[in-house]
Amino acid sequence: MKGKHALWGWLGPLALALAIPAAASTPQEPEIIGNMVGLLDGEEREWFIVSQDTDSNATFTELGDQVQIDLVGFVEADDWRVRDSLSLSITLVEGEVTEVDVLHPIGATAVPPVFTSDNATVRLNLHTFDRQGSKAHVAGRVEGILALQKELGEEAVEDEGIGISVEFDAEASRIEY
């Protein structure tokens, strides 16, 4: 019995000393900073746009008159799996939308098979892009048909696509290089 007590006599403080820095470096809980809600292939869906510590799934960069906005939503706020996520990449030039890319991976990675806006009919209506320092409120709607790309290097086919009608609203963080 005395041997067990002696072991805990030096192991207890060591465990406590190791636990304090580990607790101090424990990542913050994910914070929901936006969402995407609507219909995908006729089904009501919701994706959470999340920020944790310095990582954000809603960002924007500025280069002269061009702004690049990237939003990624996940099915679960605390589980950032690629499968079934939804990502939007929006390019603005002089405040006007010039390009939009939408990607909905159906596998465990962002490589095909995926549903994509490539070779597809997708419209974006950006309601809000309001910068306030290093943050921006981004809101809008994406609608149309996403094309299916079955394999890498293969063209996406709209005939095998799915419908999308999704509203998004998020607080994006500026990325500076």
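Residues numbered from 1 in each chain as written. Predicted model: local features only at pLDDT ≥ 70, side-chain atom pairs only at ≥ 80, totals over all residues. Heavy atoms only, no water.

Undergrad: What's the story with the nonpolar core in this structure? I'm lost.
TA: Inside soluble globular proteins, nonpolar side chains tend to come together where they are buried. Core analysis: the largest hydrophobic core is formed by 30 residues, its most contacted members being Met-36, Leu-71 and Val-102. At 6 residues, strand E10 (residues 157-174) tops the list of elements feeding residues into this core. Aside from chain neighbours lying at most four places away, what touches Leu-71 is Met-36, Ile-49, Asn-57, Ala-58, Leu-86, Ser-87, Leu-88, Val-138, Phe-168 and Ala-170. (Core = buried A, V, L, I, M, F, W, Y, C linked by side-chain atoms within 4.5 Å. Buried < 20%, exposed > 50% of the residue type's maximum accessible area, 1.4 Å probe, protein only. Helix = DSSP H or I, 4+ residues; strand = E, 2+ residues; numbered from the N terminus. Contact = heavy atoms within 4.5 Å.)

Undergrad: Even after reading the chapter, I still don't get the packing of aromatic side chains, so can you show me in this structure?
TA: The geometry of an aromatic ring pair is captured by the separation of the ring centres together with the interplanar angle, meaning the angle of the planes. One pass over the full model with this rule turns up 2 aromatic pairs. Between the aromatic rings of Phe-60 and Phe-129, the centroid separation amounts to 5.6 Å while the plane-to-plane angle is 85°, which identifies the pairing as edge-to-face. With Phe-60 in strand E4 (residues 58-63) and Phe-129 in strand E8 (residues 114-132), the pair connects residues that are 69 residues apart, well separated along the chain. For Phe-60, a relative accessible area of 0% corresponds to the buried category. Between Phe-74 and Trp-80, the aromatic rings sit 5.9 Å apart at their centres with planes inclined by 10°, giving stacked as the arrangement. (Phe/Tyr/Trp six-rings, centres within 6.5 Å; stacked < 30°, edge-to-face > 60°.)

Undergrad: Hey, could you run me through the environment of Gln-52 in this one?
TA: Among the secondary structure elements, Gln-52 is positioned in strand E2 (residues 43-52). Residue class for Gln-52 comes out partly exposed when judged on its relative accessible area of 22%. Considering only alpha carbons, one finds Gln-52 and Ile-33, 19 residues apart in sequence, at a separation of 9.8 Å.

Undergrad: Can you help me understand the environment of Glu-46 in this one?
TA: Tracing the backbone shows Glu-46 in strand E2. Put simply, Glu-46 and Phe-74 are 28 residues apart on the chain and 8.2 Å apart in space, counted from C-alpha to C-alpha. With residues near it in sequence (within four places) discarded, Glu-46 still touches Asn-35, Met-36, Val-37, Phe-74 and Val-75.

Undergrad: I would appreciate a short explanation of the pattern of salt bridges in the present structure.
TA: If the charged atoms of two oppositely charged side chains come close together, the side chains can form a pair. Scanning the entire structure with this criterion turns up 7 salt bridges. When the shortest N-O distance is used, the salt bridge between Arg-141 and Glu-143 registers 3.4 Å. On the basis of relative accessible area, Glu-143 is assigned to the partly exposed category, the value being 29%. Notably, a salt bridge pairs Glu-160 with Lys-150, separated by 3.0 Å at the nearest N-O pair. Of this pair, Glu-160 sits in strand E10 while Lys-150 sits in the loop between strand E9 (135-149) and E10, and the two are 10 residues apart along the sequence. Taken together, the shared-partner salt bridges connect Glu-62, Arg-131, Arg-174 and Glu-176 into one network. (Salt bridge = Lys/Arg side-chain N within 4 Å of Asp/Glu carboxyl O.)

Undergrad: What am I meant to see in the confidence of the model for the chain here?
TA: Any region with low pLDDT has predicted coordinates that should not be read closely. Looking at the chain, pLDDT values average 86 and 85% of them are 70 or higher. Segment residues 1-25 is flagged for pLDDT under 50; beyond a separation of four residues in sequence, or across chains, it makes 1 contact in the model. (pLDDT = per-residue confidence, 0-100.)

Undergrad: I'm lost on the pairing of strand E7 (residues 96-105) in this one. Help?
TA: When a strand is regular, its side chains alternate between the sheet's two faces. Sheet analysis places strand E6 (residues 86-93) next to E7, joined by 7 bridges and oriented antiparallel. Bridging across to E7, Leu-88 finds its partner in Val-102. Remark: 2 residues form the turn of the hairpin made by E6 and E7, two consecutive strands paired antiparallel; Glu-94 in that turn has positive phi of roughly 50°. (Pairing = 2+ DSSP bridges.)

Undergrad: Would you explain the pairing of E4 in this entry?
TA: Pairing between E4 and strand E5 (residues 66-73): 6 bridges, direction antiparallel. Bridge pairing links Phe-60 to Ile-69 in E5. Counted along the chain from E4 to the antiparallel partner E5, the turn is 2 residues long, and its residue Gly-64 has a positive phi close to 65°. In this structure, E4 lies alongside E10, joined through 2 bridges in parallel fashion. Paired with Thr-59 across the two strands is Ser-173, which belongs to E10.

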